[in-house]
Amino acid sequence: MMNTAIKAARRAGSIINRASLDVGALTITKKRHNDFVSEVDKAAEQAIVDILMEAYPHHGILAEEGGAAGKTDSEYQWIIDPLDGTTNFLHGVPQYCVSIGLVQKGVITQAVVYDTNRNDLYTATRGRGAYCNDKRLRVSKTLHLKDALISTGFPFRDLQNMDSYLAMFRSVTEKSAGIRRPGAAALDLAWVAAGKFDGFWEMGLAPWDLAAGALLITEAGGLVADLDGTENYMESGNLVCGSPKVFSQLLQAVSAHAPKVKAKK
């Protein structure tokens, strides 16, 4: 399965790299406020789906542009973001990637994040570790949040939790060595797994933003959770992660400002 996912990611990467040579010629549409899709997103996604479905016709698909497809009742589901960081791509900012994850019976078992600009291939199989270009990954050894470089993502579509974000940002700014906002969550998570970032948090992510990256981190020795410290992040889209020591301190810093969930009547 991993070899097939890698083949699909590289095929999508080739489409993205060719298109990056002349972004101005692309057809771009707006899905919603500050959320864009180009013909490249669609072509890359179709290439991934074609390869996966040819190899595994009885699997399910959940993709950013095409939604659910394949066998919806299968115990296997591929979760695909063909171009995470589309806004960066459209502006010529070289921070975007292809993300492919495989969920089996609700558990993420395979992960591929392909950084097309640097030709860095991040892979993980549950129980077998995480790698970048065949080099074993480990999260950073940073012990204290005050020494940590933290990555995040700010809301750009739904702004209803902006006050919570700003409170989190202030808290982490005061407690850490610095914050970065690169703009491609799947690649941010891969960089946490690689020890480039010591931690990451964001709210409102989709499954295709975080499925592959979450497995990379846990297989690299890191921790991943929802804002309440549970493993519900795939459903909620709210995620905190990092090296073991930094994770607990970062979770404490941001969870204090998490939006209050209204009880159902």
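Before reading on, note that the structure itself is shown above.
To start, this report covers the structure provided alongside it. This is a predicted model, so every value here is computed, not measured.

Reading guide: rules and limits
Residues numbered from 1 in each chain as written. Predicted model: local features only at pLDDT ≥ 70, side-chain atom pairs only at ≥ 80, totals over all residues. Heavy atoms only, no water. Buried < 20%, exposed > 50% of the residue type's maximum accessible area, 1.4 Å probe, protein only. Helix = DSSP H or I, 4+ residues; strand = E, 2+ residues; numbered from the N terminus. Pairing = 2+ DSSP bridges. Expected span 1.5 Å × (residues − 1). Axes fitted to C-alpha atoms, helices over the stretch in contact; angles between N-to-C directions. Contact = heavy atoms within 4.5 Å. Disulfide = S-S within 2.5 Å. Phe/Tyr/Trp six-rings, centres within 6.5 Å; stacked < 30°, edge-to-face > 60°. Polar contact = N/O pair within 3.5 Å; in protein donor to acceptor, adjacent residues only side chain to side chain. Salt bridge = Lys/Arg side-chain N within 4 Å of Asp/Glu carboxyl O.

### Looking at the pairing of strand β13 (residues 199-202)
For step 1, the next point in the chain: Alternating positions in β13 separate into two faces, Gly-199 and Trp-201 on one and Phe-200 and Glu-202 on the other, with burial throughout.
For step 2, the next point in the chain: Across four bridges, β13 lies against strand β15 (residues 239-242) in antiparallel orientation. From the neighbouring strand, Phe-200 faces β15, where its bridge partner is Cys-241.

### Brief notes about helix α2 (residues 39-55)
For step 1, the next point in the chain: Between its first and last C-alpha, α2 extends 25 Å over 17 residues, near the 24 Å set by a 1.5 Å rise per residue.
For step 2, the next point in the chain: Among all positions of α2, only Val-40, Asp-41, Ala-44, Glu-45, Ala-47, Ile-48, Val-49, Ile-51 and Leu-52 are buried.

### Things to note about the sheet that holds strand β11 (residues 149-152)
For step 1, the next point in the chain: Pairing is mixed in the open sheet, where five strands are placed in the order β12-β11-β13-β15-β14. Here the strands that pair on one side only, and so sit at the sheet edges, are β12 (178-180) and β14 (223-225). With direction set aside, neighbouring strand axes in the sheet form an average angle of 15°.
For step 2, the next point in the chain: Here β11 pairs with β13 via three bridges, running parallel. Bridge assignment links Ile-150 to a residue of β13, and that residue is Gly-199.
For step 3, the next point in the chain: Along the sheet, helix α6 (residues 207-219) contacts β14 and β15; its crossing angle with β14, the most-contacted strand, is approximately 140°.

### Regarding the state of the cysteines
For step 1, the next point in the chain: The final tally for this structure, using the stated rule, is zero disulfides.
For step 2, the next point in the chain: The thiol sulfur of Cys-241 is not disulfide-bonded, and the nearest other cysteine sulfur, from Cys-97, lies at 14 Å.

### So, the sheet that holds strand β3 (residues 60-63)
For step 1, the next point in the chain: Spatial ordering of the open sheet is given by β4-β3-β5-β6-β7-β8-β9-β10, a layout of eight strands whose pairing is mixed. A single partner strand is all that each edge strand has here, and the edge strands are β4 (67-70) and β10 (135-136).
For step 2, the next point in the chain: Both strand β6 (residues 97-104) and strand β7 (residues 107-115) contribute to a ladder of seven bridges, which runs antiparallel. Bridge assignment links Gln-104 to a residue of β7, and that residue is Val-107.
For step 3, the next point in the chain: Across the sheet, α6 touches β3, β5 (76-84), β6, β7, β8 (120-125), β9 (130-132) and β10, and the angle it forms with β7 is around 100°.

### Things to note about the packing of aromatic side chains
For step 1, the next point in the chain: Inspection of every chain in the model, using the stated rule, returns five aromatic pairs.
For step 2, the next point in the chain: Taking the centre distance of 5.2 Å and the plane angle of 90° together, the rings of Phe-89 and Tyr-96 count as edge-to-face. For the pair Phe-89 and Tyr-96, one class covers both residues: buried.
For step 3, the next point in the chain: Between the aromatic rings of Phe-154 and Phe-169, the centroid separation amounts to 5.2 Å while the plane-to-plane angle is 65°, which identifies the pairing as edge-to-face. Here Phe-154 is found in the loop between β11 and α4 (162-175), whereas its partner Phe-169 is found in helix α4, with 15 residues between them in sequence.
For step 4, the next point in the chain: You can call Phe-154 partly exposed: its relative accessible area is 24%.
For step 5, the next point in the chain: Classification of Phe-169 by relative accessible area gives partly exposed; the value is 31%.

### Description of the environment of Pro-155
For step 1, the next point in the chain: Along the polypeptide, Pro-155 turns up in the loop between β11 and α4.
For step 2, the next point in the chain: Owing to a relative accessible area of 15%, Pro-155 belongs among the buried residues under this scheme.
For step 3, the next point in the chain: Excluding residues that lie within four positions of it along the chain, Pro-155 makes contacts with Met-162 and Tyr-165.

### Notes on α6
For step 1, the next point in the chain: Relative to the 18 Å expected for 13 residues at 1.5 Å per residue, α6 spans 18 Å between its end C-alpha atoms, a close match to the ideal helical length.
For step 2, the next point in the chain: With respect to burial, α6 is a largely interior element, 11 of its 13 residues being buried.
For step 3, the next point in the chain: Of all the positions in α6, only Trp-208, Asp-209, Leu-210, Ala-211, Ala-212, Gly-213, Ala-214, Leu-215, Leu-216, Ile-217 and Glu-219 are classed as buried.
For step 4, the next point in the chain: Taken from the residues just after α6, Gly-221 is the one with a positive phi, measuring 95°.

### Here we look at the side chain of Asp-198
For step 1, the next point in the chain: Along the chain, Asp-198 turns up in the loop between α5 (185-193) and β13.
For step 2, the next point in the chain: At 2.7 Å, the side chain of Asp-198 and the backbone nitrogen of Leu-149 are in polar contact.
For step 3, the next point in the chain: Among residues more than four places away in sequence, those in contact with Asp-198 are Ser-140, Thr-142, Asp-147, Ala-148, Leu-149, Ile-150, Gly-242, Ser-243 and Val-246.

### A closer look at the pattern of salt bridges
For step 1, the next point in the chain: Taken as a whole and assessed by the stated rule, the structure comprises three salt bridges.
For step 2, the next point in the chain: A salt bridge links Asp-115 to Arg-118, with the nearest nitrogen and oxygen atoms 2.7 Å apart.
For step 3, the next point in the chain: With a shortest N-O distance of 3.2 Å, Arg-170 and Glu-174 are connected by a salt bridge. Taken together, the residues span about one helical turn, with Arg-170 and Glu-174 both in helix α4 at a distance of four residues.
For step 4, the next point in the chain: For Glu-174, a relative accessible area of 53% translates into the label exposed.

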